[in-house]
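The residues making up each chain are set out below.
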Amino acid sequence: MDYKKAGVDIEAGYKSVELMKEHVKATMRPEVLTNIGGFSGAFSMEAFKNMEKPTLVSGTDGVGTKLKLAFLMDRHNTVGIDCVAMCVNDIACAGGEPLFFLDYIACGKNEPEKIATIVSGVAEGCKQSGAALIGGETAEMPGFYPTDEYDLAGFAVGVVDEKNLITGKNIKAGDVLVGIASSGVHSNGFSLVRKVFKMNEEALNTYYDSLGNTLGDTLIEPTKIYVKALRSVRQSGVDIKGCSHITGGGFYENIPRMLHDGVRAVVNKNSYEVPPIFNMLSNDGDIEEEMMYNTFNMGIGMVLALDSSEVDKAIAAIESAGEKAYVIGNVESGEKGVTLC
């Protein structure tokens, strides 16, 4: 008996590392002091020592049951983008600049080519956000995961000068809410998505005129990474008073997270066009509107609270970064929370 007969192929692990090196290399920043394959990743803070109070911000998350879709479609090159997005978007919400990322892949069987494909998506997400992929772990766990399945999670660290932290403490009545468009369902609500739609090859390969795509391609579209857009807003001189990443819990759970007591967000549902996939989900699943806005991003992946005088400049900065933005509401005095009207 040996480890390989027990289900763990050490040689496959070595091959995975070799195959992913080219993807990891493309994410490097000058601050990275170690090479892939070490026991830890080292990152110099020398470039940030001139900040008045350099402050680290971190985020960790996974892809969730969207991975089931990747398994069904045998498409593994984009879920890594989702993983990075879920972490770095949270860092950007605090005003932070992502510095580095680490991934964790747990699988039933290490197939080096598949692992390298997953990591290629992680590397792409890191490139989009400017983060270096400085380490990770691939754990082969036979008997714990099915041989053709895996889980994917990650952890990111960023930096911001303490004075530039986005805390929401200065949000006031009269401020305006600007929403940045999502790319679709992103990486939340897939346990419900998989109950609404048939998860088989025929259903996922069906083309819908309303979607302009197949159902599968629409659902697997990776999560938007908003780091560049938020950086553009900050560089334009706009003060982002509050920022909310619309993830699990939708509008009702996430928008209040940027508010303080005494102010309430009011969102106009007709202020932008809800992507067709959400209408399809609602109709096919007979899902009530409140539940839709309490589960999905409904076409808005990030919400900013801004002074009314800076809205036009912020939208111009967002659009210059290649994203679409809308004025979706305002802030009023009242009990902390959100009203959709």
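Here goes a summary of the coordinates provided.

Cut-off values and rules
- Residues numbered from 1 in each chain as written.
- Predicted model: local features only at pLDDT ≥ 70, side-chain atom pairs only at ≥ 80, totals over all residues.
- Heavy atoms only, no water.
- Helix = DSSP H or I, 4+ residues; strand = E, 2+ residues; numbered from the N terminus.
- Contact = heavy atoms within 4.5 Å.
- Core = buried A, V, L, I, M, F, W, Y, C linked by side-chain atoms within 4.5 Å.
- Buried < 20%, exposed > 50% of the residue type's maximum accessible area, 1.4 Å probe, protein only.
- Pairing = 2+ DSSP bridges.
- Right-handed = clockwise from strand over helix to strand, strands pointing away.
- Axes fitted to C-alpha atoms, helices over the stretch in contact; angles between N-to-C directions.
- Parallel < 35°, antiparallel > 145°, perpendicular 65-115°, else oblique.
- Left-handed = near helix turned anticlockwise from the far one by under 90°.

So, the environment of F190
Here is step 1: Residue position: F190 is located in helix α5 (residues 190-196).
Here is step 2: Ignoring sequence-local partners within four residues, the contact set of F190 consists of T65, K66, L69, V185 and L219.

Considering the nonpolar core
Here is step 1: Counting residues in each nonpolar core, the largest one holds 95 residues, and the members touching the most others are F197, L219 and F251.
Here is step 2: In terms of residue count, the dominant contributor to this core is helix α3 (residues 79-93) (10 residues).
Here is step 3: With residues up to four places along the chain from it excluded, the contact list for F251 reads I246, P256, V267, Y272, Y293, F296, N297, M298, I300, V338 and L340.
Here is step 4: Residues F48, A132, I134 and V159 belong to the second largest nonpolar core, which totals 9 residues.

A short note on the pairing of strand β2 (residues 97-107)
Here is step 1: For β2, a buried count of 8 out of 11 residues is recorded, marking the element as mostly surrounded by other parts of the structure.
Here is step 2: Pairing analysis gives 10 bridges linking β2 to strand β4 (residues 150-161), with the strands arranged antiparallel. Paired with C107 across the two strands is Y150, which belongs to β4.
Here is step 3: Strand direction decides the pairing type here: β2 and strand β3 (residues 132-140), joined by 8 bridges, are parallel. Along β3, the bridge assignment pairs F100 with A132.
Here is step 4: Note on the crossover from β2 through helix α4 (residues 112-129) to β3: the handedness is right-handed.

Here we look at the sheet that holds strand β10 (residues 300-306)
Here is step 1: If you trace the 6 strands from one edge of the open sheet to the other, you get β8-β10-β5-β11-β9-β12, paired in mixed fashion. Every interior strand has two partners, whereas the edge strands, β8 (242-245) and β12 (337-340), have only one. Direction aside, the axes of adjacent strands within the sheet are offset by 25° on average.
Here is step 2: By the bridge criterion, 6 bridges tie strand β5 (residues 176-181) to β10 in an arrangement that is antiparallel. Paired with L177 across the strands is A305, a residue of β10.

A look at the packing of α3 against α4
For any two helices packed against each other, the geometry is given by the interaxial angle and the distance between the axes.
Here is step 1: Between α3 and α4, the shortest axis-to-axis distance is 6 Å and the interhelical angle comes to 40°. One finds that α3 runs oblique with respect to α4. Seen from above, α3 lies across α4 with right-handed handedness. Judged by residue contacts, G80, I81, V84 and V88 of α3 engage I118, G121, V122, E124, G125, C126, Q128 and S129 from α4.

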